Amino acid sequence: SQQGEEDPQALSIQEGENATMNCSYKTSINNLQWYRQNSGRGLVHLILIRSNEREKHSGRLRVTLDTSKKSSSLLITASRAADTASYFCATGSSASKIIFGSGTRLSIRP
Amino acid sequence: DAGVTQSPTHLIKTRGQQVTLRCSPKSGHDTVSWYQQALGQGPQFIFQYYEEEERQRGNFPDRFSGHQFPNYSSELNVNALLLGDSALYLCASSRGGNSPYGYTFGSGTRLTVV
């Protein structure tokens, strides 16, 4: 079963616009991670935010975490065609495994 | 520095057969996790190996088994294949028994059961 649920399931935006994806989860976490997957290939780790952090930046990525609402958001600024991919949130708890959500499919229109 | 290597990349098997998938972790990593990803879905956790033992297991039947070798590489075995086992199987490696720094994923093995 999935721990997280991403919203929206699919998103199509114009190149240069910002893309925002949301993730909600159900149980207590130690950290939340975002991954990107291009066309059925392996996942690439983008960013990790710990449960005691509220916001984190990495290049054009901005992640927020609200543990009271059990939710996170991923913002990609100034989108590019190469950002077209599926994005997954994954939660890490006291156990070592991470559990993935169902993903958001992002399409960037030229 | 090689990342996570999985073999084979593609595989076609007949229902009822057995399959073995292989994974070599990233250099310096000692923990291997396996995931099954059906088309259009998020990866589902199968199990994790650390110090050559199954550390955690997801909601998968006993037909799914694994092994970790002293060099940290790992195998995933699936017996009595079902059509529903068709999926992308992903291996991820990390350092230490806990994974607070994110996983490194391989490109996966695409298994088709006919």
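On a predicted model such as this, the values are computed, not experimentally measured, just so you know.

## Considering unusual backbone geometry
Thinking step 1. Note that the residue after Asp7 of chain A, namely Pro8 of chain A, is joined by a cis bond; omega there is 0°.
Thinking step 2. Examined against the element boundaries, Pro8 of chain A turns out to sit in the loop between β1 (5–7) and β2 (10–14).
Thinking step 3. Here the bond from Ser7 of chain B into Pro8 of chain B is cis, since omega is -10°, no more than 30 degrees from zero.
Thinking step 4. Among the structural elements, Pro8 of chain B can be located in the loop between β1 (5–7) and β2 (10–13).
Thinking step 5. Look at Tyr72 of chain B: it is not a glycine, yet its phi comes out positive at around 80°.
Thinking step 6. Relative to the assigned elements, Tyr72 of chain B resides in the loop between β7 (64–68) and β8 (74–78).

## Thoughts on the sheet that holds β8 of chain B
Residues and elements named next belong to chain B.
Thinking step 1. Strands sit in the order β1-β3-β8-β7 across an open sheet of four strands; the sheet is antiparallel. Each edge of the open sheet carries a strand with a single partner, namely β1 and β7. Adjacent strand axes in the sheet meet at a mean angle of 15° when their direction is disregarded.
Thinking step 2. One ladder, built from five bridges, connects β7 with β8; its direction is antiparallel. Counterpart to His67 in the pairing with β8 is Glu75.

## A closer look at the pattern of salt bridges
Residue and element names in this part refer to chain B.
Thinking step 1. Under the defined criterion, the tally for this structure stands at five salt bridges over all chains.
Thinking step 2. Among the ionic pairs, Glu54 bridges to Arg57, the shortest N-O distance being 3.1 Å.
Thinking step 3. With a relative accessible area of 36%, Glu54 lands in the partly exposed category.

## Some thoughts on the nonpolar core
The nonpolar side chains of a soluble globular protein tend to be buried, and buried together.
Thinking step 1. In this structure, Leu32, Trp34, Leu74, Ile76, Tyr87 and Leu106 of chain A are the most contacted members of the largest nonpolar core, which totals 22 residues.
Thinking step 2. Put simply, the parts of the chain that give this core at least two residues each are β2, β3 (19–24), β4 (31–37), β5 (43–50), β7 (61–66), β8 (71–76), β9 (85–92) and β11 (104–109) of chain A.
Thinking step 3. With near-sequence residues (within four places) excluded, Leu74 of chain A lies in contact with Ala19, Thr20, Met21, Trp34, Leu46, Leu61, Arg62, Val63 and Tyr87 of chain A.
Thinking step 4. With 20 residues, the next largest nonpolar core counts Val19, Phe60, Leu76 and Val113 of chain B among its residues.

## Observations concerning the packing of aromatic side chains
Thinking step 1. Within this structure, the stated rule accounts for ten aromatic pairs over all chains.
Thinking step 2. Here Tyr35 of chain B and Phe45 of chain B contribute two aromatic rings whose centre-to-centre distance is 5.6 Å and whose plane-to-plane angle is 65°, an arrangement assigned as edge-to-face. Here Tyr35 of chain B, found in strand β4 (residues 31–37), pairs with Phe45 of chain B, found in strand β5 (residues 44–50); they are ten residues apart in sequence, far enough to count as distant. In terms of burial, Tyr35 of chain B and Phe45 of chain B fall into one category: buried.
Thinking step 3. Taking 5.9 Å as the distance between ring centres and 50° as the angle between the ring planes, the aromatic pair formed by Tyr35 of chain B and Phe105 of chain B counts as tilted. On the criterion of sequence distance, the pair formed by Tyr35 of chain B in strand β4 and Phe105 of chain B in strand β10 (residues 104–105) is long-range, its members being 70 residues apart.
Thinking step 4. On the basis of relative accessibility, which here comes to 0%, the residue Tyr35 of chain B falls in the buried class.
Thinking step 5. Site record: aromatic cluster; members linked through ring pairs are Tyr35, Phe88 and Phe100 of chain A together with Tyr35, Phe45, Tyr103 and Phe105 of chain B.

## A closer look at the sheet that holds strand β6 (residues 55–58) of chain A
Residues and elements named next belong to chain A.
Thinking step 1. Spatially, β1-β3-β8-β7-β6 is the arrangement adopted by the five strands of the open sheet, whose pairing is antiparallel. Both outer strands of the open sheet, β1 and β6, are each paired with one neighbouring strand and no more. Mean inter-strand twist for the sheet, computed between neighbouring axes without regard to direction, equals 20°.
Thinking step 2. The pairing of β3 with β8 spans six bridges and is antiparallel. Among the inter-strand pairings, Met21 is bridged to a residue of β8, identified as Leu74.

## Description of the confidence of the model for chain A
Any residue range with low pLDDT should be treated as having predicted coordinates unsuitable for detailed reading.
Thinking step 1. For chain A, the mean per-residue pLDDT works out to 92, and 95% of the residues sit at or above 70.
Thinking step 2. Within chain A, no element has a lower average pLDDT than β1 of chain A, which sits at 85, and none a higher one than β7 of chain A, at 98.

Thresholds, definitions, all that
- Residues numbered from 1 in each chain as written.
- Chains lettered and ligands numbered in written order.
- Predicted model: local features only at pLDDT ≥ 70, side-chain atom pairs only at ≥ 80, totals over all residues.
- Heavy atoms only, no water.
- Helix = DSSP H or I, 4+ residues; strand = E, 2+ residues; numbered from the N terminus.
- Pairing = 2+ DSSP bridges.
- Axes fitted to C-alpha atoms, helices over the stretch in contact; angles between N-to-C directions.
- Salt bridge = Lys/Arg side-chain N within 4 Å of Asp/Glu carboxyl O.
- Buried < 20%, exposed > 50% of the residue type's maximum accessible area, 1.4 Å probe, protein only.
- Core = buried A, V, L, I, M, F, W, Y, C linked by side-chain atoms within 4.5 Å.
- Contact = heavy atoms within 4.5 Å.
- Phe/Tyr/Trp six-rings, centres within 6.5 Å; stacked < 30°, edge-to-face > 60°.
- pLDDT = per-residue confidence, 0-100.

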